[in-house]
Structure formats: structure tokens, C-alpha cells
Amino acid sequence: MAAVVGTGLAITFSSGFMAEMLDFNHGSIERAVIPASTFATTGGMEYEAGNLYNPGEITAQIHHDPSALPPLTSAKETVTVTYPDAGAAAWAADGFLSEYEITSELEDRIVANVTIKLSGTITVTP
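Quick notes on the rules
Residues numbered from 1 in each chain as written. Predicted model: local features only at pLDDT ≥ 70, side-chain atom pairs only at ≥ 80, totals over all residues. Heavy atoms only, no water. Helix = DSSP H or I, 4+ residues; strand = E, 2+ residues; numbered from the N terminus. Buried < 20%, exposed > 50% of the residue type's maximum accessible area, 1.4 Å probe, protein only. Pairing = 2+ DSSP bridges. pLDDT = per-residue confidence, 0-100. Phe/Tyr/Trp six-rings, centres within 6.5 Å; stacked < 30°, edge-to-face > 60°. Core = buried A, V, L, I, M, F, W, Y, C linked by side-chain atoms within 4.5 Å. Contact = heavy atoms within 4.5 Å. Patch = residues over 30% accessible without salt bridge, like charges linked within 9 Å, V, L, I, M, F, W, Y side chains within 5 Å. Areas by Shrake-Rupley, 256 points an atom, 1.4 Å probe, with all protein chains shown as cover. Salt bridge = Lys/Arg side-chain N within 4 Å of Asp/Glu carboxyl O.

1. Quick notes on the environment of His26
- Tracing the backbone through its elements, the reader meets His26 in strand E2 (residues 21-26).
- The spacing of His26 and Leu118 is 92 residues in sequence and 9.8 Å in space, taken between C-alpha atoms.

Here it is as C-alpha cells:
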């Protein structure tokens, strides 16, 4: 597989919210780890893989738009991450905006650091 370049990466909410992205990170997608060791276990600890996984959260830095209130009180909705350099592949899951931090420095753009908590199953569309 060839390297996938982040230029053109986009996040969209089914409600239409999102802004120009400057930085993107889809944090750890984790599967449950269930301890399986007993007092009879010798050597290394034993574990079983859980059936459920945590779809993680997305953090991003975006251009802040002071004319639009971020959807911090909205219900879960479909959040789609589109990877255009990968033939427009997309990952989608339910999610919601859980954090919106506005920041700027003197003579610099006003940006927002956002956190989007994903919920449920991630679906991939090639």
C-alpha cells in the first residue's frame, strides 16, 4: 500500500458542522482486555480479548468561526472522516463534540482545539 497523505482530509457531521482543519488525530481505538489468570496460572499472566472495542476519540485543530456556535449540546450524530488521497475512503461512526477550546496568539489566527467522542461501531467505506 502506498502512503496516504493527509492533505484534503475532512471531518463532517451529519448536521453539517465542521470547519477548515489544521491538525488531526484519531486517538487510540482500544479493545477490552479481560484478565484470565487464576491462582493456578504459572509463568506469564493470561488474558482474553473482549468482544467490545472503544472507537476512540478524534482531536483536531480547526479555524474558529465566531459566527457559528459549536454543537456542544447536540445529540450523537454520524461523524465521517474522509481520506481523499486513499480513493475517497471514509470511516463513519456515531459521535458528538465533547470539547471546544478557542485559542490564539498575538498576530496569529484564532483556532479551536476540538474533541469528538466516537460511539459504537466504525464502518469503513472504500
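2. Here we look at the pairing of strand E3 (residues 30-35)
- The buried fraction of E3 amounts to zero of the six residues, a small share that puts the element mostly on the outside.
- Here E3 runs beside strand E4 (residues 47-54); their pairing, made up of five bridges, is antiparallel. Each bridged residue has a counterpart across the sheet, and for Glu30 the counterpart in E4 is Asn54.

3. Thoughts on the confidence of the model for the protein chain
- Considering every residue of the protein chain, the mean pLDDT works out to 91; 98% of them sit at 70 or more.
- Mean pLDDT across the secondary structure elements of the protein chain bottoms out at strand E1 (residues 10-13), with 90, and peaks at E4, with 96.

4. Comments concerning the packing of aromatic side chains
- Going through the model one piece at a time under the given rule, you end up with two aromatic pairs.
- Between the aromatic rings of Phe13 and Phe17, the centroid separation amounts to 5.6 Å while the plane-to-plane angle is 80°, which identifies the pairing as edge-to-face.
- Under the relative-accessibility criterion, Phe13 is labelled buried at 5%.
- Accessibility expressed as a relative area gives 15% for Phe17, which makes it buried.
- Taking 6.1 Å as the distance between ring centres and 65° as the angle between the ring planes, the aromatic pair formed by Tyr83 and Trp91 counts as edge-to-face.
- Classification of Trp91 by relative accessible area gives partly exposed; the value is 31%.

5. Let's talk about unusual backbone geometry
- In this structure, Glu107 takes a positive phi of about 60° despite not being glycine.
- For Glu107, the location among the structural elements is in the loop between strand E7 (89-103) and strand E8 (111-125).

6. What about the nonpolar core?
- Within the largest apolar cluster, 19 residues are counted, with the highest numbers of intra-cluster contacts made by Ile11, Ile62, Val114 and Ile116.
- Of all the secondary-structure elements, those providing two or more residues to this core are E1, strand E5 (57-63), strand E6 (77-83), E7 and E8.
- Top contributing element to this core by residue count: E8, with five residues.
- Once you skip the residues sitting within four places of it in the chain, Val114 turns out to touch Met18, Ile58, Thr59, Ala60, Ile62, Leu97, Glu99 and Tyr100.

7. Regarding a nonpolar patch on the surface
- Nonpolar side chains collect at one region of the surface, where Ile29, Tyr53, Trp91 and Val124 lie side by side and expose about 350 Å² of accessible area between them.
- Position of Tyr53 relative to the elements: it lies in strand E4.
- For Tyr53, a relative accessible area of 36% gives the class partly exposed.

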